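An overview of the molecular structure
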Amino acid sequence: MPDLVSDEVVEHYRQEGFIRIPGVLTPQEVKSLLEVSLLRLDEAEKVNWDREDGRVMDWVPHVDRASEELRGLALHPRITAIAERLAGVPLRLFKSELLRKGTAGSALTPLHADAPAIPFSGRPVGLTAWVALTDVPVERGCMSYIPGSHLVPHEQDEARERDPFRCPSNLVWEPRVTVPVRAGDVTFHHERVLHLAGRNDTDEVRVSLATVYMDAESVYEPSDLVPDDLGGLLPGQRLDDDHVFPLIGARG
Ligand SMILES: O=C(O)CCC(=O)C(=O)O
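Read on for a plain summary of the structure. (Residues numbered from 1 in each chain as written. Predicted model: local features only at pLDDT ≥ 70, side-chain atom pairs only at ≥ 80, totals over all residues. Heavy atoms only, no water.)

**Focus: the layout of surface pockets**
Rules: A pocket, in this scheme, is an open set of points on a 1 Å grid over the protein atoms alone with protein on both sides within 12 Å along at least 5 of 7 lines, while a cavity is a set where a 1.4 Å probe fits but cannot get out; residues line either one if an atom lies within 4 Å of a point. Grid points are joined across faces, edges and corners, and a volume is the space filled by probe spheres set on the points. Following the grouping adopted for this structure description, the nonpolar residues are Ala, Val, Leu, Ile, Met, Phe, Trp, Tyr, Cys and Pro, the charged ones are Asp, Glu, Lys and Arg, and the polar ones are all others, Gly among them.
One number sums up the size of the largest pocket: a volume of about 1100 Å³. Lining the largest pocket are 40 residues, and of these Trp-49, Trp-59, His-112, Ala-117 and Phe-165 lie nearest its centre. Along the lines of polarity and charge, the residues of the lining of the largest pocket split into 23 nonpolar, seven polar and ten charged. One number sums up the size of the second largest pocket: a volume of about 160 Å³. For the second largest pocket, the lining is made up of 13 residues, of which Ala-113, Ala-115, Pro-116, His-154 and Arg-160 are closest to its centre.

This is the structure in structure tokens:
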């Protein structure tokens, strides 16, 4: 497969911790995957994330295990090739979630980093491919990032001990970059970069697939924040189940 991203793009991602790659999916791919996704969101069991001010979003967990089409998207050759190029090491798929941010009245996705929810130790290269299946202008709840926040220590304090997803106090006042996306664009963000998403103030839902990939050599490190034992993995065990945690490069 030809190189899909330039050295400059890779360097930008490594410095900033996020990047938007426009037009990764064709309009035909977007159309058919959105149809499949809307059906799944109607029919599948979902997790709701509610806060005092409204619903942040709901999602279908591990959707790649139940839908052939969405597994195909989580392992899409263009997306996985870009993910491995950005990470610079072989990767495995950890999980893929079909996200929906509802229409007007939804709540914002608070500022956080993903690393506490990734119960594996390995090289710190884990990343998420966030595939927009609808246009996501600022008003529909696109993501914002704190550039470079994956490269600085995240200050630990009592508040973060209670809530590991809380933004570290040394980063709260750092500037944020807001990244609207078109359907078919993919944003990639590093597991340690701080990010948030706005409310959806429009009358159309925001639909996206968020797939997390991690270092292929990672080993399981149980975390209270991930109650699932991930199919009986033992602490320190390598993720060598190629069906549950497939090597993504193998398809490229
Ligand atoms: O879609 C959102 O609002 C947030 C997604 C997110 O935090 C993630 O994919 O890591």
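Once the structure has been displayed, the description carries forward.
**A look at the sheet that holds strand 11 (residues 195-197)**
Our working definition: For two strands to count as paired, DSSP must find a minimum of two bridges between them. Counting from the N terminus, the helices are the DSSP runs of H or I reaching at least four residues and the strands are the DSSP runs of E reaching at least two. Note on geometry: axes are C-alpha line fits, over the in-contact stretch for helices, and angles between N-to-C directions span 0 to 180 degrees.
Strand order in this open sheet of four strands is 5-11-8-9, and the pairing throughout is antiparallel. Looking at which strands have only one partner, the edges of the open sheet turn out to be strand 5 (109-112) and strand 9 (177-179). Neighbour to neighbour, the strand axes of the sheet diverge by 20 degrees on average, direction disregarded. Two strands pair when backbone bridges link them, and strand 8 (residues 143-145) and strand 9 are joined in this way by three bridges, in the antiparallel orientation. Bridging across to strand 9, Ser-144 finds its partner in Thr-178.

**Structural notes on the environment of Ile-248**
So the rule is basically this: Relative accessibility decides the category of a residue: with a 1.4 Å probe and only protein chains considered, values under 20% of the type maximum give buried, values over 50% give exposed, and everything between is partly exposed. Should any heavy atoms of two residues lie within 4.5 Å, those residues are counted as being in contact.
For Ile-248, the position within the fold is in the segment after strand 13 (219-220). A residue is classified by how much of its surface remains accessible, and Ile-248, at 0% relative accessible area, is buried. Through-space distance from the C-alpha of Ile-248 to that of Arg-92 is 5.4 Å; in sequence the pair is 156 residues apart. If we ignore the near neighbours within four places in the chain, the residues touching Ile-248 are Leu-75, Thr-80, Ala-83, Glu-84, Leu-91, Arg-92, Leu-93 and Tyr-213.

**Brief notes about helix 2 (residues 27-43)**
The test is simple: In a helix, the anticipated span is given by 1.5 Å times the number of residues less one. The arc in question is the one spanned by the directions pointing from the helix axis to the C-beta atoms.
The end-to-end C-alpha distance of helix 2 is 24 Å, a good match for the 24 Å that 17 residues give at a rise of 1.5 Å each. Buried residues of helix 2: Val-30, Leu-33, Ser-37 and Leu-41, and no others. For helix 2, the arc enclosing every buried residue in end-on projection is 80 degrees, short of the 170-degree limit, so these residues lie on one face. Residues of helix 2 that are exposed and point over 90 degrees away from its buried face: Gln-28, Lys-31, Leu-39, Asp-42 and Glu-43. For helix 2, the secondary structure elements touched by its buried residues are strand 3 (54-60), helix 3 (68-74), strand 4 (91-101) and strand 12 (206-215).

**Looking at the pairing of strand 7 (residues 127-132)**
Of all six residues making up strand 7, six are buried, and the element is well covered by its neighbours. Here strand 7 shows a buried face lined by Leu-127, Ala-129 and Val-131 and a second buried face lined by Thr-128, Trp-130 and Ala-132. In this sheet, strand 10 (residues 186-190) lies alongside strand 7 in antiparallel orientation, the contact comprising five bridges. Within the sheet, the bridge partner assigned to Trp-130 lies in strand 10 and is Thr-187. As defined by bridge partners, strand 7 adjoins strand 12 across six bridges and the pair is classed as antiparallel.

**Considerations on the sheet that holds strand 2 (residues 47-51)**
Strand order in the open sheet formed by seven strands is 1-10-7-12-4-3-2, with antiparallel pairing between adjacent strands. Either end of the sheet is taken by a strand with one partner, and the two such strands are strand 1 (18-21) and strand 2. The mean angle between the axes of side-by-side strands here comes to 20 degrees, regardless of whether they run parallel or antiparallel. The sheet strands contacting helix 1 (residues 7-16) are strand 1, strand 7 and strand 10, and the helix crosses strand 1 at an angle near 140 degrees.

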